[in-house]
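Fold and contact review
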Amino acid sequence: GAGASVMGFGTDIGGSIRFPSAFQGLYALKPSTGRISYMDVTNSYCNQESIPSVIGPMARSLEDVQYITKLLVGSECWDIDPKVLPVPWKDLPSLKTEKLTVGLWKDDGLLQLHPPVKRAVEELGEKLKKAGHEVVVVQFPFQQKLIQTLFEVYTADAAKEIIDECARSGEPVVSSVEDLMTATKDKEILSSEEWWNLCGRVYKLKQEFFNYWNVETKKLTKDNKAIDCIVGPIYSSTAFPRKSRNILNYTGPYNLCDCSCVVLPISKVDALIDKVEDDFQARSDDDQFVHDYYDPKLFDKMPICAQIVTKKLEEEKGLAIASTIKEML
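Fair warning: this is a prediction, and the values are worked out from it, not measured in the lab. (Residues numbered from 1 in each chain as written. Predicted model: local features only at pLDDT ≥ 70, side-chain atom pairs only at ≥ 80, totals over all residues. Heavy atoms only, no water.)

1. Considerations on helix α7 (residues 192-214)
How we decide: Helix and strand labels come from DSSP, where a helix needs a run of H or I of at least four residues and a strand needs a run of E of at least two; each type is numbered from the N terminus. Helix span, expected: 1.5 Å multiplied by one less than the number of residues in the helix. When accessible area is computed with a 1.4 Å probe and restricted to protein chains, residues below 20% of their type maximum are described as buried, those above 50% as exposed, and intermediate ones as partly exposed. We call two residues in contact when some of their heavy atoms are within 4.5 Å.
Under the 1.5 Å per step criterion, the end-to-end length of α7 is 33 Å for 23 residues, consistent within 8% with the ideal 33 Å. Those residues of α7 lying buried are L198, V202, L205, F209, F210, Y212 and W213. Close packing links the buried residues of α7 with α4 (143-154), β6 (229-233), α8 (252-256) and β8 (303-310).

Set out below in structure tokens:
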């Protein structure tokens, strides 16, 4: 974000590639599991395979993100890393000239967007329509289950890893991780049977999600065609204060469902336009918390990014669509 390097890599189990990239106005890719090798990378939850962490590039240009991803996939790491899937790179130049069918995710029904993020997402939808693409509004009927199940996986060890790691150095737990500690206050580590049952629920939710994508979105489009991608926000705000909460509403579902996500800058906050909403009605404590820290003057000129979401192992498609949208903007 400071321009000190051409690109870098992040890991993402709930948004940790997408959040910093979006907050700095960068381009990035959160790939699906098994597309880019994670071998010998040290990280939290490293052997948890129900919702695995993935590694992906962050850069100052979309071309750099595509270049390094193509290079890594082309290196055929499946020959040395048994977790990498043997899926060769596929260039998709024809996508740039095709009419897209886009699912616009404007509101998850639980956590409302700050005025500039809401404006930018809606403007993007209108620009896509004017460019000749079909845009339909999508809404996941199982969003609450997605978020609840996501955090059940994260807290399956009753925060033992967090406690043990911080104990090694004596450092305090940061506020955004402290939520996981609070959520496990009266919880015990899951037994093997409980863990297997939880993994089964994750699998079931993936099926529900892709049934919605492949079947239900056809009912929304003019030509009875399922959407090509989902376009929507990454976070409710363009950044969050130092002491924040672990809120993953717009990113976590795509980790659980193992989608590919591309981060793309689309606009900037304008203090003259993006006023505080006077008629805001909170849906929850988290919703009120996020609303209360919005200050147009403080957030003025900050970058606003969207994510282009495609199905599992469709990194090339997501990058091609991102390129089309970037040219359109």
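Additional details are given in the paragraphs that follow.
2. Side note on the side chain of Q143
Looking at the element boundaries, Q143 is found in helix α4. When near neighbours in sequence (up to four residues on either side) are disregarded, Q143 contacts W105, D108, L110, N249 and P253.

3. Re the packing of helix α2 (residues 62-74) against helix α11 (residues 315-328)
Spelled out, the test is: Fitted lines through C-alpha atoms give the axes, limited to the stretch in contact for helices. The angle between two N-to-C directions lies from 0 to 180 degrees. An angle below 35 degrees is treated as roughly parallel, one above 145 as roughly antiparallel, one from 65 to 115 as roughly perpendicular, and anything else as oblique. Crossings are classed by handedness, with left-handed meaning an anticlockwise turn of the near helix from the far one by less than a right angle and right-handed meaning a clockwise turn. Throughout this entry, Asp, Glu, Lys and Arg are counted as charged residues, while Ala, Val, Leu, Ile, Met, Phe, Trp, Tyr, Cys and Pro are counted as nonpolar. The remaining residues, Gly among them, count as polar.
For the pair α2 and α11, the least separation of the axes is 11 Å and the interaxial angle reads 165°. As judged from the angle between their axes, α2 and α11 are roughly antiparallel. The interaxial crossing formed by α2 with α11 has left-handed handedness. Within the contact between the two elements, α2 uses L62, E63, V65 and Q66 and α11 uses L319, A322, S323 and K326. Across the contact of α2 with α11, the residue classes tally to four nonpolar, two polar and two charged.

4. Section: the state of the cysteines
Quick note on the threshold: Two cysteine sulfurs form what is called a disulfide whenever their separation falls within 2.5 Å.
If you walk through the whole model with that rule in mind, you get zero disulfides. In this structure C229 is not part of a disulfide, and its nearest cysteine sulfur, from C261, lies 11 Å away. Given the relative accessible area of 0%, C229 is considered buried. Not engaged in a disulfide, the cysteine C305 finds its nearest cysteine sulfur in C261; these two sulfurs lie 13 Å apart.

5. A short note on the packing of aromatic side chains
Counted only if it meets this: Two rings belonging to Phe, Tyr or Trp (six-membered ring only in the last case) form a pair when the distance between their centres is within 6.5 Å. Interplanar angles under 30 degrees mark stacking, angles over 60 mark edge-to-face geometry, and anything in between is tilted.
Tallied over the entire structure, the rule returns 22 aromatic pairs. Taking the centre distance of 5.8 Å and the plane angle of 85° together, the rings of F140 and Y212 count as edge-to-face. Here F140 is found in the loop between β5 (134-137) and α4, whereas its partner Y212 is found in helix α7, with 72 residues between them in sequence. Here Y212 falls in the buried class, since its relative accessible area comes to 11%. Centroid distance F209 to F210: 5.1 Å. Interplanar angle 90°. Geometry classified as edge-to-face. Residue F210 is classed as buried on the basis of its relative accessible area of 18%. Three or more aromatic residues link up through ring pairs in this structure, and these residues are W105, F140, F142, F209, F210, Y212, W213, Y250 and Y254.

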